[in-house]
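Descriptive analysis of the structure
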Amino acid sequence: MVIIDCPGPLAETAGKSESCADCPNQQACATGTAPTGPDPAERMASVKHKILVLSCKGGVGKSTFSAQLSFALAGMGHQVGLMDLDICGPSMPKMLGREGHLLHYSNYGWSPVYVEPNLGVLSISFTHSESDDEPAIWRGPRKSAQIKEFLKEVDWGDHIDYLVVDTPPGTSDKHITIVQCLLDTGIDGAIIVTTPQEVAMADVRKGVNFCKRIGVNVLGVVENMSGLIQPLSDVKFMKLTTETGSSVDVTQDMISCIRENAPELLDGVFAWSQVFDSSGGGAERMCEEMGVPFLGKVPLDPQLGRAAERGKSCFEGNKCSVSAPALKSIIEKVVASIKMKEDLSGGENKETP
């Protein structure tokens, strides 16, 4: 593991060493005006709202949702921090377009990597320069220790309006560690991400009960990948040979036929396919049964997948015409719910477990 260490504000090389090159505190250290950072226990007190993003099984799009939630909150003008605590499968550097960056550790603590002036991110991937193909083969205690260090020793600046915490899949000791570290300064709640099929719903029920048991408010459940939807003009048409399983691309023939006979279908008409079995009612029915808010459905959108691969916001340029409106509606509900509870509590965050 290679960490870019700070020589310390009192060292002769303070602000001048090679490790100081990209540090935001370089000038202050070089001029001898760098103050010491706050006590680690006080850092989370400067974070106004804290949102945990959970998934009780992997592969449901939790990290994609966390990234787009952070992009959206920053786009609303909030100061946002995104903490990637998925130690074994960190994906935020890729999804935010910050691969290859390394963290600095100074007298202030860990300095996050900034995507925008009001959006900073911290991930275990930023602490080493080894190949991304190398697994983190860590036992539970080491993972918990790293999570505690990140939560208590990150310099987010004067204040953060929203801290989005992207947690590992499942419900484990790591999640208990996260809650315990945030206990004294309050947690607004958790958003649980799932897919529609019953095999995922069984895990979500466990996740809801987990939150209730440890005292974390469930802000709501998001049903992700709720049907594949894309503009008809983006659909690829294939002619299959059932005997051999081979296929021939006939997209151009189909588009030409549609353009000639029904051109209006190429504008504003979407192809929809139910990828997962939602005959059991999906997340909406489960939320009714368990008495937790249902935030909405996000379709499986190829454009959203491409945005995540490029580390971009799906809200820029109106390219994610299917998923962006659904995500925007869900995020507005989350913000409104948090604001309502804040108003009722007189402006103080009292959602402490």
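Since the structure is predicted, the reported quantities are computational estimates derived from the model, not experimental observations. (Residues numbered from 1 in each chain as written. Predicted model: local features only at pLDDT ≥ 70, side-chain atom pairs only at ≥ 80, totals over all residues. Heavy atoms only, no water.)

1. Structural notes on the overall build of the protein chain
What the protein chain contains, in helices and strands, is 10 helices and 14 strands. Each of the 353 residues in the protein chain was classed as buried or not, and the buried ones make up 48%. When the accessible surface of the protein chain is totalled, it reaches about 17200 Å², and 51% of it is carbon and sulfur. (Helix = DSSP H or I, 4+ residues; strand = E, 2+ residues; numbered from the N terminus. Buried < 20%, exposed > 50% of the residue type's maximum accessible area, 1.4 Å probe, protein only. Areas by Shrake-Rupley, 256 points an atom, 1.4 Å probe, with all protein chains shown as cover.)

2. Considerations on the pattern of salt bridges
By the definition in use, this model includes seven salt bridges. Between K48 and E342 there is a salt bridge; the shortest N-O distance is 3.4 Å. Of this pair, K48 sits in strand β2 (residues 47-54) while E342 sits in helix α10 (residues 323-344), placing them 294 residues apart in sequence. Its relative accessible area of 14% is what places E342 among the buried residues. Two residues, D249 and K236, come together in a salt bridge whose shortest N-O distance is 3.9 Å. With D249 in strand β12 (residues 247-249) and K236 in the loop between β10 (218-231) and β11 (238-240), this residue pair connects regions lying 13 residues apart in the sequence. When its relative accessible area of 44% is taken as the criterion, D249 is described as partly exposed. Look at K236 and you get exposed, because its relative accessible area is 56%. (Salt bridge = Lys/Arg side-chain N within 4 Å of Asp/Glu carboxyl O.)

3. Remarks on the nonpolar core
L52, F65, M83, W156 and I191 are the most contacted members of the largest nonpolar core, which totals 77 residues. Beyond its immediate chain neighbours, meaning those up to four positions away, M83 contacts L122, F150, L151, V154, W156, L163, V164, V165 and D166. Formed by six residues, the second largest nonpolar core is a distinct cluster that contains V235, V250, I255 and I258. (Core = buried A, V, L, I, M, F, W, Y, C linked by side-chain atoms within 4.5 Å. Contact = heavy atoms within 4.5 Å.)

4. Some points on the pairing of strand β8 (residues 160-166)
Within β8, seven of the seven residues are buried, which leaves it mostly tucked inside the rest of the structure. Pairing between β2 and β8: six bridges, direction parallel. The partner of I51 across the bridge, within β8, is V164. Both strand β3 (residues 80-84) and β8 contribute to a ladder of five bridges, which runs parallel. In the sheet register, M83 faces β8, and the bridge partner there is V165. (Pairing = 2+ DSSP bridges.)

5. A closer look at the packing of helix α2 (residues 62-75) against α10
Between α2 and α10, the least distance of the axes is 10 Å, while the angle of their chain directions is 70 degrees. Relative to α10, the element α2 lies roughly perpendicular. Packed against α2, whose contacting residues are F65, Q68, L69, A72 and L73, the element α10 presents L327, I330, I331 and V335 at the interface. Residues belonging to the contact of α2 with α10 are distributed by class as follows: eight nonpolar, one polar and no charged. (Axes fitted to C-alpha atoms, helices over the stretch in contact; angles between N-to-C directions. Parallel < 35°, antiparallel > 145°, perpendicular 65-115°, else oblique. Nonpolar A, V, L, I, M, F, W, Y, C, P; charged D, E, K, R; others polar.)

6. Quick notes on the UniProt feature "binding site: [4Fe-4S] cluster" (unreviewed entry) in the protein chain
Cross-referencing UniProt, the feature "binding site: [4Fe-4S] cluster" (unreviewed entry) maps to C6, C20, C23 and C29 in the present numbering. Counting through the fold element by element, C20 comes out in the loop between β1 (4-5) and α1 (26-30). (UniProt positions renumbered as here; feature names shortened; annotations may be inferred.)

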